[in-house]
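Coordinate inspection notes
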Amino acid sequence: MTIGIIGGGAAGMAAALAASENENTQVILLERQARVGRKLAATGNGRCNLTNLHANEGSYHGDAPEFAAFALEKYNVQETLNWFRSLGLFTVAEDSGRVYPYSDQANSVVDVLRFALERPNIRLETGFEVEKVKKNGDMFHIEGANGTFDCDKLIIACGGLAGTKLGGSMSGYKLLRAFGHKCTKLRPNLVQLKSSWPGAASLKGVRANCHAQILHNGELFAESRGELQFTEYGLSGPVIFEISRDVCSDRGDWTCRLDLLPEIGENVLKTELLRRKNTNLPVSELLTGILHNRLGRVLTQSAGISGYVPVNQLEDYEIDAVCRAVKGFDVTLTEPMGMDSAQVTAGGIVTKDFDPETMESKLVSGLYACGEVLDIDGDCGGYNLQWAWSSGRLAGSHAGGNT
Ligand SMILES: Cc1cc2nc3c(=O)[nH]c(=O)nc-3n(C[C@H](O)[C@H](O)[C@H](O)COP(=O)(O)OP(=O)(O)OC[C@H]3O[C@@H](n4cnc5c(N)ncnc54)[C@H](O)[C@@H]3O)c2cc1C
């Protein structure tokens, strides 16, 4: 039996390895880029956050997130770590539960998968972009500019649209639509948020630990705590990625409220700032030693205080205004950055037309899909790659007749 797999990313490689465990199957893995795992090599800022010890069904989204439960249970985090260990990868977990290769290099993950693909019953074709697929009788026919392939079973693992420069494309959605599958609206997720606030550019590159709340028309929409990074266009960093899903999807006012000293109460801050009134520091230095200098200056300005007044001339109500700015700084949001900058696609191929226990299409027998192309996306922190490994291995092992 021949199994065709389109897409040599995380899910496609996992599927190929699982399918090839049946020595009687021949696997053809087709990747349009010059090498497999190109996006994988760029994940986690080049470190590859390959899973998360806390992964569970609640970390996933989509119209029917429960679709992911079976795959995530069968190929759970511990099982995934054992699998990677069997491929020769050493890993290490951070306190947050995020797991990275021990080498701290995403390329290590790509390499162990790449080496494992060197099995007699796997044929890897890179630089092969699949343009068309159809089913003739019991066989699937695959066409690309460089040739054609026929196979008994077909797995679509083309990924999503996010990370366009690293290979994200519409391809998988188009190929599955040709078989009658439907696609939900696609949105960028785990993405930077743009702001109309002119001060953002002056803080470019500044990082801060914060508690961030997204407010829609004044109502709490999402919140998280962690590292924030200011960019030329607005807000970035893990804390923003975590709460970026569907921000600015509706009309109305979208604001990000930042508590830039989440571990310290307003009273403690106020006491410290009042103590500083005994000095003749310029007000631009009021928050020195507490926050990043540039951030401190922007916050005192936003509290309406000129940078040249000495601190000992400040009124108490002005100290209160600075405290309020530190503990609840509002940044107006305009839109998320585009798919280019997003780490994952929210939305995708409708999952109700697939069997969650096999990843096989309910519309076309022998057709499978896995990974980001489906309408499942995970939180920030290794959850999306865990979905790629779990769903890819489930599809591959079922298509290969190993279950
Ligand atoms: C910058 C960045 C950082 C990220 N960091 C993390 C992280 O640290 N942890 C985490 O869990 N997730 C992370 N993600 C998300 C994660 O990388 C993806 O969710 C995951 O790679 C999806 O796996 P996939 O196999 O479905 O798709 P992909 O990994 O995108 O693989 C799909 C493959 O299919 C190929 N392909 C597409 N169409 C065709 C075609 N027609 N013919 C042949 N080949 C085709 C593509 O070239 C690609 O190689 C990150 C994403 C980005 C963009």
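Procedures and definitions
- Residues numbered from 1 in each chain as written.
- Predicted model: local features only at pLDDT ≥ 70, side-chain atom pairs only at ≥ 80, totals over all residues.
- Heavy atoms only, no water.
- Near = heavy atom within 4 Å.
- Polar contact = N/O pair within 3.5 Å; in protein donor to acceptor, adjacent residues only side chain to side chain.
- Areas by Shrake-Rupley, 256 points an atom, 1.4 Å probe, with all protein chains shown as cover.
- Nonpolar A, V, L, I, M, F, W, Y, C, P; charged D, E, K, R; others polar.
- Pairing = 2+ DSSP bridges.
- Helix = DSSP H or I, 4+ residues; strand = E, 2+ residues; numbered from the N terminus.
- Core = buried A, V, L, I, M, F, W, Y, C linked by side-chain atoms within 4.5 Å.
- Buried < 20%, exposed > 50% of the residue type's maximum accessible area, 1.4 Å probe, protein only.
- Contact = heavy atoms within 4.5 Å.
- Salt bridge = Lys/Arg side-chain N within 4 Å of Asp/Glu carboxyl O.

Digging into the site of the ligand
Taken together, 32 residues lie around the ligand, and A11, E31, S171, E372 and L385 are the ones closest in. In the environment of the ligand, a nitrogen atom lies 2.9 Å from a nitrogen or oxygen atom belonging to the backbone of N49. In the complex, 94% of the free accessible area of the ligand, which totals 1000 Å², lies under the protein chains. Along the lines of polarity and charge, the residues of the shell around the ligand split into 13 nonpolar, 14 polar and 5 charged.

So, the pairing of strand β8 (residues 130-136)
Two strands pair when backbone bridges link them, and β8 and strand β9 (residues 139-144) are joined in this way by 6 bridges, in the antiparallel orientation. Among the inter-strand pairings, K134 is bridged to a residue of β9, identified as H141. Counted along the chain from β8 to the antiparallel partner β9, the turn is 2 residues long, and its residue G137 has a positive phi close to 60°.

Considering the nonpolar core
In terms of nonpolar packing, the biggest core is built from 83 residues, with L40, F84, L113, L154, W387 and W389 touching the most fellow members. Apart from residues no more than four positions distant in its own chain, L154 is found in contact with G4, I6, V133, F140, I142, F179, G366, L367 and Y368. Counting residues in each nonpolar core, the second largest holds 43 residues, with L203, I240, I243 and C248 among its members.

Observations concerning the pattern of salt bridges
On inspection of all chains with the given rule, the structure shows 21 salt bridges. Across the pair R98 and E242 runs a salt bridge whose closest N-O atoms are separated by 3.8 Å. Here R98 is found in strand β6 (residues 98-101), whereas its partner E242 is found in helix α7 (residues 238-242), with 144 residues between them in sequence. Residue classification places R98 among the buried residues on the basis of a relative accessible area of 18%. One salt bridge connects K204 with E232, and the closest N-O pair in it is separated by 3.7 Å. Pair noted here: K204 is in the loop between β13 (193-195) and β14 (207-216) and E232 is in the loop between β15 (219-230) and β16 (234-236), with a separation of 28 residues, a long-range link. A network of salt bridges, in which partner residues are shared, links R187, R245, D246 and D377.

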